[in-house]
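A structural walkthrough
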Amino acid sequence: MPPGPGEIALDVTACGVCRTDLHLCEGDVALRHSPIVPGHQVVGRVAALGEGVTDWKVGDRAGGAWLARSCGVCSYCATGRENLCERAEFTGWDRDGGYATRALLYADFALRIPEGFDDMAAAPLLCGGVIGYRSLKVSGIRPGGRLGLYGFGASALLTIQVAVHWGCEVFVCTRNPEEQSRARTLGAVWAGGYEQMPPAPLDAAVTFAPSGEVVLAALRALGRGGTVAINAIHLDGVPAFSYDELWWERSLRSVANFTRDDAREFLALAREIPVRTAVDAYPLAEANRALLALSRGKIRGAAVLTV
Ligand SMILES: [Zn+2]
Ligand SMILES: [Zn+2]
């Protein structure tokens, strides 16, 4: 399929497998278009340019992420909040994504992949990395602050590297003892289970586990004025809790999508730190096996399809 006006065609080389893909496949998140090719952490080379595209050339390395396009004119888009645009389109939800040999991206929303990352290593940056970075911003954590990370999958693995780079004291809660020890290796000052309380009140926390119980565990660990940023597109529900736990200006905030500025800032930071990604590679033809492994918690880093 040739690219339309404003689009670029990408020969896909790698595509990350995200929990959101699993939510779509399992019906937790409703399909907006059917059939749909999933995949929104797409890396490849520009193969063809649509009409009017001037800032890409054939052969350039490019990435496609979750935000496929926003309208550019609504009140959200006009105020730097294109992630909230009501007419936004999403890769692998509204538009075919990267579980494919070729993908079409809007040129204005395609991302430059920083040097220092091969295609496989770059793919997980495009969702887990960027959304984790936005979650840190939403949580209001400041350099040197006390940050809790709840759940320690692909996104948290990247997020902790940014937080440590910022000089934060990072406390990680996750059920899996292996993940707890990996968190310590990556610079967490403390790691424990969800039922354990970090040894000091947190300034902010980010939850990655798609569980309302975990959100409440994070809330209970906050100091006064602290924020829990919920990094999840789907949550089964949040159990009732006492207002005393929210009192003293604690906040619960969801994190929805990201803006191109978030993506560019994070990709620049990823190169500067440099962020290390851990990849479990699967051939494209085994995408279902990768999704199954993700649903069973068998992925150690981030699953990436090689195309
Ligand atoms: Zn994702
Ligand atoms: Zn808009």
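These remarks concern the structure in this document. This structure is a prediction, so every number in the text was calculated from the model and none was measured. (Residues numbered from 1 in each chain as written. Chains lettered and ligands numbered in written order. Predicted model: local features only at pLDDT ≥ 70, side-chain atom pairs only at ≥ 80, totals over all residues. Heavy atoms only, no water.)

**Side note on unusual backbone geometry**
Here the amide bond leading from S34 into P35 is cis, since omega sits at -5°, within 30 degrees of zero. Looking at where P35 falls in the secondary structure, it is placed in the loop between helix 1 (19-26) and strand 2 (42-49). Cis geometry marks the peptide bond from I273 to P274; its omega dihedral reads -20°. Locating P274 in the fold gives a position in the loop between helix 7 (260-272) and strand 14 (279-283). The backbone of W248 shows a phi angle near 70°, a positive value even though the residue is not glycine. Examined against the element boundaries, W248 turns out to sit in the loop between strand 12 (222-230) and strand 13 (251-254). The backbone of E249 shows a phi angle near 60°, a positive value even though the residue is not glycine. Checked against the element boundaries, E249 lands in the loop between strand 12 and strand 13. (Helix = DSSP H or I, 4+ residues; strand = E, 2+ residues; numbered from the N terminus.)

**Brief notes about the packing of aromatic side chains**
Considering all chains together, one arrives at eight aromatic pairs under this definition. Consider the rings of W66 and F90, whose centres lie 5.0 Å apart with planes at 25°: the pair is stacked. Residue W66 is found in the loop between strand 3 (61-64) and strand 4 (67-69), and its partner F90 is found in strand 5 (residues 89-90); the two are separated by 24 residues along the sequence. Take W66: its relative accessible area is 6%, and that puts it in the buried class. Residue class for F90 comes out buried when judged on its relative accessible area of 6%. Through pairs of rings, three or more aromatic residues link up here, namely W66, F90 and W93. (Phe/Tyr/Trp six-rings, centres within 6.5 Å; stacked < 30°, edge-to-face > 60°. Buried < 20%, exposed > 50% of the residue type's maximum accessible area, 1.4 Å probe, protein only.)

**Details of the coordination of the zinc ion (ligand 1)**
By definition of the ideal shapes, a tetrahedral metal site with four donors has angles of 109.5 degrees and an octahedral site with six donors has angles of 90 or 180 degrees. All of the protein donors around the zinc ion (ligand 1) are C18 (SG), H40 (NE2) and C127 (SG); their distances to the metal are 2.0 to 2.2 Å. Each donor residue of the zinc ion (ligand 1) belongs to the same chain, with the gaps between them written as C-x21-H-x86-C. Remark: C127 occurs in the loop between helix 2 (119-122) and helix 3 (128-139) and H40 occurs in the loop between helix 1 and strand 2; sequence separation between them is 87 residues. Here H40 matches C127 in class, with each residue buried. (Donors = N, O, S within 2.8 Å, 3.2 Å for Na, K, Ca; no water.)

**A look at a nonpolar patch on the surface**
On the surface, Y243, W247 and W248 cluster together to form a nonpolar patch covering roughly 380 Å² of accessible area. The exposure class of W248 is partly exposed, given its relative accessible area of 39%. (Patch = residues over 30% accessible without salt bridge, like charges linked within 9 Å, V, L, I, M, F, W, Y side chains within 5 Å. Areas by Shrake-Rupley, 256 points an atom, 1.4 Å probe, with all protein chains shown as cover. Salt bridge = Lys/Arg side-chain N within 4 Å of Asp/Glu carboxyl O.)

**Quick look at the coordination of the zinc ion (ligand 2)**
Every protein donor of the zinc ion (ligand 2) is listed here as C71 (SG), C74 (SG), C77 (SG) and C85 (SG), and their distances to the metal cover 2.3 to 2.4 Å. In this structure, the zinc ion (ligand 2) is surrounded by four donor atoms whose angles at the metal cover 106 to 118°, and the resulting shape is tetrahedral. In primary-sequence terms, the residues that donate to the zinc ion (ligand 2) follow C-x2-C-x2-C-x7-C. Exposure remark for C77: the relative accessible area of 14% places this residue in the buried category. (Tetrahedral: all angles 85-135°; square planar, octahedral: opposite > 155°, others 65-115°.)

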